[in-house]
Amino acid sequence: MVGLLGLALWQAADRPLGADLDRLGGWLAARRRRVLAGLIALSTVASLAVNLRILGGVPHTQDEIAYLFQARTLASGRLFVHSPPDGLASAFDTVFLVRDGERWYGKYPFGWPLVLALGVLVGLSPMVNPALNGLALLLFHRLLARHWSAAWALAGTALLALSPFFVMMGASFLSHPLCLVLLLVMIAAVERIWIELSSAGLAVGAAALGAASGLMVTARPFDALALTVPIALAVAPALARAGRRSVVAVALLVALPLSAVALTLAYNHALTGDCWLTPFLKHSPTDRPGFGPRVGTFDAEGHNFYKASMNLAFNMLALNEDLFGWPGLGLVVVGLGLVLPAMWIPVERLLLAAAGGIYLLYFMFMGHGVAFGARYYHVLLPFYVWFALRAFGELERRFGQRGGRWLKLFVPSLGLVSLLTYVPGRLDFMHDYWNVLSRPKELVSDLTRRPAVVVVPAVKLRGFRDLFDSFFTLNRIDPTLGDVVFVRDGYWVRGDRLRLTFPDREILRIPPGRLEPLLDQPK
């Protein structure tokens, strides 16, 4: 696809890029919906294919394992499940679940697990994030179409649809694709508030903004906090000018997010017994933004400016590669869009303010957050793609025919390089990602044809992570009730605990020969 685009642009290399796009405008406008639908389908199918074919349809990071556990719990109509029997709890433990007396639950807020639970209920949990990716593309195209020509809007949508970072995150079970959709809804709502004159119109915009903000509070509260000031500064002048016509809108903007906060406090109380103690902080009391000792989870000395700078550099290096798959040039193009002087329109100032809030927030976090890419900054994809598009437009405008000619050859060439070099290596890297097996069920398919307890060896896979994480999600959320039960090896296997708990089950071990080829790989 990229190669054909390159050939088409090569043939047209004697005219400026902007002129070519304008010339194609009528053709694209007539087929705009079909082109957009094709981009959405291509990107959505790509994310789903990576999830099912490369990642095996199972969660790979500790966060995803906890999210899916919470989604399955909520889908069963419960907020928590009972902890495994005494003496067997460690046989089922995984990192980001909380064992609190008889309660067993994930450490994350409930907003994203509740959305993911919809997929669990219909047996399509791997489809949720790819579907959200498709919705994000539609919303982003509508944002671009409000400010750019039809051809440029489709070009920007294509940049996002073909972004490896976007596709890979859509293949995960993480909460970030949902927050990307919510940010795009918030931007659309802010723009509506800017142009509306009637109280009813203002109320509709405020309802959308308040609902999206509230859902973000329940899904990624720190992101919601980081975006509060930019969004408030964006809508406050318009609401002030509207005077009495904005009363209902202001009430909605206050009531909806506060309702989400109230639900969060109730959720906290139901799980931890304390409205102000989140499951996240109960699991890791020091895992919070800030600087100083006892901030963060990894070092006794806590978080400091040097570590924050190293985290930021690590994220930017990852983002520079993953954003478009262009070798070392992703953020360079975005930077050009930022530094080339031009009159910034209001939505660009809003995107810049949102980026400032997110960057400030995650500068204060101990962890670097790189998994499936620089995931903390995934919500800023509209910002990156917008300013990359702005760079192309400004370059073509400034350098005219000659610049347009080179741009036509340069951009598709980068896409072709990405397709031929970056993408195959990235997909190969995603196999058994985060040292979790991509198809654990296939590894033991002949052991699970009858009710049994299958013991997973307590060994490190390539020197990193517990192998049991690969099999955790194959258990039921009440693990002892499944026909086939996977347990981590330990003293409970060597003693009589398993025999007493599962008197009618055969106890089997995964043969070491099946693991040796994995364990022998270079660390």
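Residues numbered from 1 in each chain as written. Predicted model: local features only at pLDDT ≥ 70, side-chain atom pairs only at ≥ 80, totals over all residues. Heavy atoms only, no water.

Let us now look at the overall build of the protein chain. Secondary structure assignment for the protein chain yields 23 helices and 6 strands. Burial analysis of the protein chain (523 residues in total) assigns 54% to the buried set. Of all intrachain contacts in the protein chain linking residues separated by at least 6 positions in sequence, the fraction that spans at least 24 positions is 76%. Put simply, the protein chain shows about 23000 Å² of open surface, and 65% of that area lies on carbon and sulfur atoms. (Helix = DSSP H or I, 4+ residues; strand = E, 2+ residues; numbered from the N terminus. Buried < 20%, exposed > 50% of the residue type's maximum accessible area, 1.4 Å probe, protein only. Contact = heavy atoms within 4.5 Å. Areas by Shrake-Rupley, 256 points an atom, 1.4 Å probe, with all protein chains shown as cover.)

For the rest of this paragraph, the subject is helix H7 (residues 128-145). Along its 18 residues, H7 runs 26 Å from first to last C-alpha, staying within 8% of the 26 Å computed at 1.5 Å per residue. Where burial is concerned, most of H7 is hidden: 13 out of the 18 residues are buried. (Expected span 1.5 Å × (residues − 1).)

By the element assignment, Arg488 lies in strand S5 (residues 484-488). In terms of polar contacts, Arg488 uses its side chain to reach the backbone carbonyl oxygen of Ser90, at 2.5 Å. In contact with Arg488, not counting residues within four places along its chain, are Ser90, Ala91, Phe92, Asp93, Val456, Asp466, Phe468 and Val493. (Polar contact = N/O pair within 3.5 Å; in protein donor to acceptor, adjacent residues only side chain to side chain.)

Looking now at the nonpolar core. Core analysis: the largest hydrophobic core is formed by 140 residues, its most contacted members being Trp112, Leu209 and Tyr377. Sequence-distant contacts of Tyr377, defined by excluding residues within four places in its chain, comprise Leu312, Asn315, Met316, Ile358, Tyr359, Tyr362, Phe363 and Tyr384. Listed in part, the 5 residues of the second largest apolar core include Tyr105, Phe110, Tyr267 and Leu271. (Core = buried A, V, L, I, M, F, W, Y, C linked by side-chain atoms within 4.5 Å.)

What follows covers a nonpolar patch on the surface. A cluster of nonpolar side chains, Leu118, Leu121, Val122 and Leu124, forms an exposed patch at the surface whose accessible area comes to about 420 Å². Here Val122 is to be found in the loop between helix H6 (111-121) and H7. Exposure remark for Val122: the relative accessible area of 58% places this residue in the exposed category. (Patch = residues over 30% accessible without salt bridge, like charges linked within 9 Å, V, L, I, M, F, W, Y side chains within 5 Å. Salt bridge = Lys/Arg side-chain N within 4 Å of Asp/Glu carboxyl O.)

With that settled, consider the confidence of the model for the protein chain. In this model, the protein chain carries a mean pLDDT of 88, and residues with pLDDT of at least 70 account for 89%. Under a pLDDT of 50 for its full length, residues 1-18 has, in the predicted model, 31 contacts with residues more than four places off or in other chains. (pLDDT = per-residue confidence, 0-100.)

Turning to the pairing of S5, a few remarks are in order. Summarising burial for S5: 5 of the 5 residues are buried, a large majority. The two faces of S5 match: Val484, Phe486 and Arg488 on one face and Val485 and Val487 on the other face are all buried. Pairing between strand S4 (residues 452-456) and S5: 5 bridges, direction parallel. Along S5, the bridge assignment pairs Val454 with Phe486. (Pairing = 2+ DSSP bridges.)

Looking now at the sheet that holds strand S3 (residues 103-106). An order of S1-S3-S2 is seen for the 3 strands of this open sheet, with the pairing classed as antiparallel. Each having just a single partner strand, strand S1 (81-82) and strand S2 (97-100) make up the two edges of the open sheet. Two strands pair when backbone bridges link them, and S2 and S3 are joined in this way by 4 bridges, in the antiparallel orientation. Within S3, the position partnered with Val98 by the bridge is Tyr105. Lying on the sheet, helix H13 (residues 247-272) is in contact with S2 and S3; it crosses S3 at an angle near 140°. (Axes fitted to C-alpha atoms, helices over the stretch in contact; angles between N-to-C directions.)

For the rest of this paragraph, the subject is the environment of Ala89. With respect to the helices and strands, Ala89 occurs in helix H5 (residues 89-92). Assessed through its relative accessible area of 11%, Ala89 is described here as buried. With 15 residues separating them along the chain, Ala89 and Trp104 place their C-alpha atoms 9.9 Å apart. Setting aside residues up to four positions removed in sequence, Ala89 forms contacts with Pro84 and Arg99.

This structure, assessed with the given rule, holds 12 salt bridges. The closest approach of N and O atoms between Arg99 and Asp93, which form a salt bridge, is 2.8 Å. Relative accessible area serves as the criterion here: at 39%, Arg99 is assigned to the partly exposed category. A salt bridge links Glu191 to Arg146; the nearest nitrogen and oxygen atoms lie 2.7 Å apart. Linking Glu191 in helix H10 (residues 176-195) with Arg146 in the loop between H7 and helix H8 (150-161), this pair joins segments that are 45 residues apart in sequence.

With that out of the way, let us pick up the pairing of S3. Relative to S3, S1 runs antiparallel, the two sharing 2 bridges. Its bridge partner being in S3, His82 is matched across the sheet by Arg103. Connecting the antiparallel pair S2 and S3 is a turn made up of 2 residues, with Gly101 showing a positive phi of about 65°.

Okay, unusual backbone geometry next. With a phi angle near 60°, Arg294 is a residue other than glycine that sits in the positive phi range. Topologically, Arg294 is positioned in the loop between helix H14 (279-283) and helix H15 (305-322). Its relative accessible area of 59% is what places Arg294 among the exposed residues. Its identity as a non-glycine residue notwithstanding, Trp434 has a phi of 60°, on the positive side. With respect to the helices, strands and loops of the structure, Trp434 is situated in the loop between helix H18 (381-430) and helix H19 (440-443).

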